[in-house]
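Residue-level listing of the chains:
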Amino acid sequence: MPEAVRRLEAFIAEHALKIAIAPADPDLGGFDGVVLIISAPKQSELRITLFDEYGDARPGNPALCLALLNMQFRELDDAAGKVRRWAIAEGLDPAAPSTQTAFAQNEAAHAAFLAAYGPIPDVMTDLDWQLNAGPAQTLRGLR
């Protein structure tokens, strides 16, 4: 098993994470928005909106979903608490109430996730993802 997959699956197993997928708020305007629902025993459920432009989020592939979640958390870190930065990076209207709500919910869920579970193993670069290389190709190939 490739190292990237092993690390993500070990993180999921360590925390007994379950990952489900729901549609994102249609008012966000993004055609590729999904909500990852993260649950674990004795923890509150967390909902994080992310934009899955390649249609990779699948409930049967929690390691891939965790990698997507980590990329969303990197976007939030890059935004440095600024809804405008996050919205522009995601192609959303920064002034729209739905964008502001999603950003606030993501920020709260990000903080709660880190407090409960710590950082997600960072196993993939954005370039690997875009080029479908290395760990990205391996994760996408999991069933």
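Residues numbered from 1 in each chain as written. Predicted model: local features only at pLDDT ≥ 70, side-chain atom pairs only at ≥ 80, totals over all residues. Heavy atoms only, no water.

Trainee: Looking at this model, I keep getting lost on the overall build of the protein chain. Mind explaining?
Mentor: In terms of regular secondary structure, the protein chain is built from six helices and three strands. For the protein chain, the N- to C-terminal ordering of α and β elements is α-β-β-β-α-α-α-α-α. Its C-alpha atoms give the protein chain a radius of gyration of 14 Å, within 12% of the compact-globule value 15 Å for 143 residues. Across its three principal directions, the C-alpha atoms of the protein chain cover 45 × 40 × 25 Å. Classification of the 143 residues of the protein chain by burial places 47% in the buried group. Looking at the protein chain alone, contacts between residues at least 24 apart form 53% of all its contacts between residues at least 6 apart. Of the accessible surface of the protein chain, which amounts to about 7,400 Å², a share of 53% is contributed by carbon and sulfur atoms. Placing the 12 positive and 19 negative side-chain charges of the protein chain at their respective mean positions leaves the two points 5 Å apart. (Helix = DSSP H or I, 4+ residues; strand = E, 2+ residues; numbered from the N terminus. Rg over C-alpha atoms; globule rule 2.2 N^0.38 Å. Buried < 20%, exposed > 50% of the residue type's maximum accessible area, 1.4 Å probe, protein only. Contact = heavy atoms within 4.5 Å. Areas by Shrake-Rupley, 256 points an atom, 1.4 Å probe, with all protein chains shown as cover. Lys, Arg positive; Asp, Glu negative; His and termini not counted. Charge placed at Lys NZ, Arg CZ, Asp CG, Glu CD.)

Trainee: Help me understand the environment of Ala-96 in this model?
Mentor: Residue position: Ala-96 is located in the loop between helix 3 (83-90) and helix 4 (97-117). Counting along the chain gives 18 residues from Ala-96 to Leu-114, while the straight-line C-alpha distance between them is 27 Å.

Trainee: Quick question: what am I supposed to make of the packing of helix 2 (residues 62-79) against helix 4 here?
Mentor: To describe two helices that pack against each other, one gives the angle between their axes and the distance between the axes. At their nearest, the axes of helix 2 and helix 4 sit 11 Å apart, and the two run at 110° to each other. As the angle between them shows, helix 2 and helix 4 are arranged roughly perpendicular. Classified by chirality, the crossing of helix 4 by helix 2 is left-handed. Of the residues in helix 4, those touching helix 2 at Leu-66, Leu-69, Gln-72, Phe-73, Leu-76, Asp-77 and Ala-79 are Phe-103, Asn-106, Glu-107, His-110 and Phe-113. Broken down by class, the residue content of the contact of helix 2 with helix 4 amounts to seven nonpolar, three polar and two charged. (Axes fitted to C-alpha atoms, helices over the stretch in contact; angles between N-to-C directions. Parallel < 35°, antiparallel > 145°, perpendicular 65-115°, else oblique. Left-handed = near helix turned anticlockwise from the far one by under 90°. Nonpolar A, V, L, I, M, F, W, Y, C, P; charged D, E, K, R; others polar.)

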